[in-house]
Amino acid sequence: MNSSPLSRPDEASWHEKVRRRELFRCLDNLARLANNVQITEDFASKTPLKLATLIGVTAELLKKHILTIAPSQDLEQINTMIGFITPHLRYVERARVAQTPWSIIQSAEELLRFASNSKSYFIIRPTWAYNYSIIGEFVSFYREILSCLAWFPLDEWKAKLELNNDESIYCISFPRIERDNCLLHVNWGHEVGHILVERWINDYFGTLWATNEAGIKSRIEEHVKQNIPPGDPLFKELVIQEAVANQMRSTMEAARHGLVELLCDRIGVHIFGLSALAASMEFAARFALDVSPLQSSNYPPWRYRLRMLLQHCAPDLNDNKEIGYPNADIRALIEWMRTGQRLTQTRIDIQNIESNVITREAYNFISSHIDGAAQTITSMLPIELARPYRLHERHVFISQLVSRIRKGVPPNEICHLSDNPASLQDILSAAWAFKMNEIAENPSWGNPNEYDLLFRLVLKGCECSYVQSEWKKRHPIE
Amino acid sequence: MGKGFNMENLGLVAELFKTSSRFARAATTLEKMAAGKKEIESPDQEALQWSGNFLFVLDWNAKTQSSNPVTGNFALQATAVRPTFYSCLFRMAQQIRDAGMSDEKQLKTFLINFYNTLLSTAKKSSKKKGKLNSNQLKLGALILHEVSKSILVQINNNGLPQPSATLKDEWKPTTNELEPTFAPR
């Protein structure tokens, strides 16, 4: 038996042979899985099928060329691509009707598409993890990575997809355990903010970073030199540079991620008003409020986020006796929000940020640029959403919707048979006002039946309002 | 929203994938040149050109020698990849010594010559290989391969599950986050 080690060329040849054979088999399987899921499943919208087609066409074309055209040095990259795109099929599978709060899907997708001012398609699917998230954009991601393969027939790929250039696909996830809790789904406003914020990041963040980089680097370098790490004499200066480079990357990541999250919060609260703040407060209450971004995957501390949300909502938190605001149906919600204001007077989150050079630099960067960024991003919203949603401007209508919930009637329209379907924002504001009212009057409110009734009424309200709006569009009153 | 509310950053992954892919292509081209190949195809030339320009931004010692202004996205990409680049150099200490370099000054000079060679090779035919000999071209190719693979491992975790529930280090407010990256010789 020959036990001598394989030479480098022999090892490369072994790799190539196995990779080519096995990747072909995997691509064949992936293409078939993507096709099967389109035939066998039932979805609330056509978007999951579009993603399945994207996956299927990509796998099919890679498979077609992998045995003959793909050079050996591309096989490792193709393997990485398969690793990326195969798990995307789970978004399709999980978007089945039985898995989603289907009655809110269409109205939510319409609002998300409208707010993102795009031809975006949204898959809405549950996840067992307790969080809301958005992943995407899929079409451009596939196009970008496939363009690295010089031999890949991109034109054929585009033609088979039958997607226009500006069409895009995102997947929004919500916690499975909260499927019916539509009050919390206000968080989708934050998620759609990601689409707008991503545009701003692509257009501006790099330039801002390049402008600020030298100053940040010099302060970090000074800090690093206070405690120079030991190293190989061959790399004496490079060791310092590596340490600075590591901290610069951490700073950039903390700055970018922090800015993105805070801006998305801003978009969410701009679209949904106090409901978005209420959802964030309820969510934040489950976790520690002052955890450093360095210990929480670069997310800003909850207290910091709530403080910024509350600042945006300030006009809705003040009494206005002239207009009778807040009225009795809303007062409990406002009082609850005011507790949030007291919560954010403590500044431990800021002390934590200040005490570390990475977060200090990152949040100085954020503070310098967030207002300008928020202004630019808000201006990307369609004209109908240009003004922030303010509860004090809607409180009379909200009060009527709260009354409907109290009577066990879905809050789908302002007044009965009024030809005036309530907006998703109004319905969710009413739902939050109702919930906080009930809790204020009876702190033990909230048994499963009471929650179930509230959720079902609100979901039905969303569905009816959507149907009514669509009917109005198709049959305008002359 | 808790730790979530996140956007899985496919854009960043795509950027890193492209960077890795371009470095891999440039490395393969250099290997072919070192083996005597004369003609360079257009996509390979682009990869060499891009790699040369990017390395001038990536390597702080070389940055001052480049006359090209650094655009925003290039600066971001460089910030993301720079620690990987330095780590790769540290891991290749033996190969660097084997190539006859014994101090940092020689290494810096080699690297700058290497970047210039990438740019000049991209512009001219491969008959003029810049200032590097065949062995040095191979070393350059090795560095690019190493960085390319390291970036790929960063985004695909080498096929292993992404650690989702591992314990994190305690956060220390006064530290400058430094850990020795390797034991001194």
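Residues numbered from 1 in each chain as written. Chains lettered and ligands numbered in written order. Predicted model: local features only at pLDDT ≥ 70, side-chain atom pairs only at ≥ 80, totals over all residues.

**Section: the overall build of chain A**
- When helices and strands are tallied, chain A shows 17 helices and three strands.
- Projected onto its principal axes, the C-alpha positions of chain A cover 90 × 60 × 45 Å.
- A total of 478 residues make up chain A; the buried ones form 47% of that total.
- Look at the contacts in chain A between residues 6 or more apart in sequence, and 84% of them connect residues 24 or more apart. (Helix = DSSP H or I, 4+ residues; strand = E, 2+ residues; numbered from the N terminus. Buried ≥ 20, exposed ≤ 12 C-beta atoms within 10 Å, placed from the backbone. Contact = placed C-beta atoms within 7 Å.)

**What about the nonpolar core?**
All names here are of chain A.
- Counting residues in each nonpolar core, the largest one holds 178 residues, and the members touching the most others are L263, L277 and L333.
- The element that contributes the greatest number of residues to this core is helix α9 (residues 236–272), accounting for 18 residues.
- Look past the residues within four positions of L277 in its chain and what remains in contact with it is V269, L309, L310, C313 and M337. (Core = buried A, V, L, I, M, F, W, Y, C linked by C-beta atoms within 7 Å.)

**Considerations on helix α10 (residues 274–284) of chain A**
Residue and element names in this part refer to chain A.
- In terms of burial, α10 is a largely internal element, ten of the eleven residues being buried.
- Here α10 has its buried residues at L274, S275, A276, L277, A278, A279, S280, M281, F283 and A284.
- Looking at the packing, one finds that the buried side of α10 touches α8 (188–224), α9, α11 (302–317), α12 (328–343), α15 (391–406) and α16 (424–441).

**Looking at the environment of A:I201**
Residue and element names in this part refer to chain A.
- Note on placement: I201 falls in helix α8.
- Separated by 99 residues in sequence, I201 and P300 place their C-alpha atoms 17 Å apart.
- Each residue touching I201, except ones within four places of it in the same chain, is listed here: R256 and V260.

**Some points on the domain arrangement of chain A**
Residue and element names in this part refer to chain A.
- The domains assigned to chain A are domain 1 (8–179), domain 2 (193–385) and domain 3 (391–474).
- Relative to domain 3, the C-alpha centre of domain 2 lies at a distance of 32 Å.
- The partner domain 3 presents 14 residues to the 18 residues of domain 2 that form the contact.
- The greatest single-element share of the side of domain 2 that touches domain 3, amounting to five residues, is contributed by α12.
- Considered class by class, the residues forming the side of domain 2 that touches domain 3 number twelve nonpolar, four polar and two charged. (Domains from an automatic or database assignment. Nonpolar A, V, L, I, M, F, W, Y, C, P; charged D, E, K, R; others polar.)

**Some thoughts on the interface of chain A and chain B**
- Contact with chain A, which involves 66 residues of that partner, is made by 51 residues of chain B.
- Looking at the side of chain A that touches chain B, the elements with two or more residues in it are α3 (75–85), β2 (133–136), α6 (138–146), α8, α9 and α14 (357–378) of chain A.
- Looking at the side of chain A that touches chain B, the element that brings in the most residues is α9(A), giving 14 residues.
- Partitioned by chemical class, the residues of the side of chain A that touches chain B number 28 nonpolar, 26 polar and twelve charged.

**Here we look at helix α6 (residues 104–123) of chain B**
Residue and element names in this part refer to chain B.
- Relative to the 28 Å expected for 20 residues at 1.5 Å per residue, α6 spans 29 Å between its end C-alpha atoms, a close match to the ideal helical length.
- Turning to α6, its buried residues are L107, F110, L111, F114, Y115, T117, L118, L119, T121 and A122.
- In this structure, the buried side of α6 is in contact with α1 (10–34), α2 (42–58), α3 (60–63), α5 (93–98) and α7 (134–156). (Expected span 1.5 Å × (residues − 1).)

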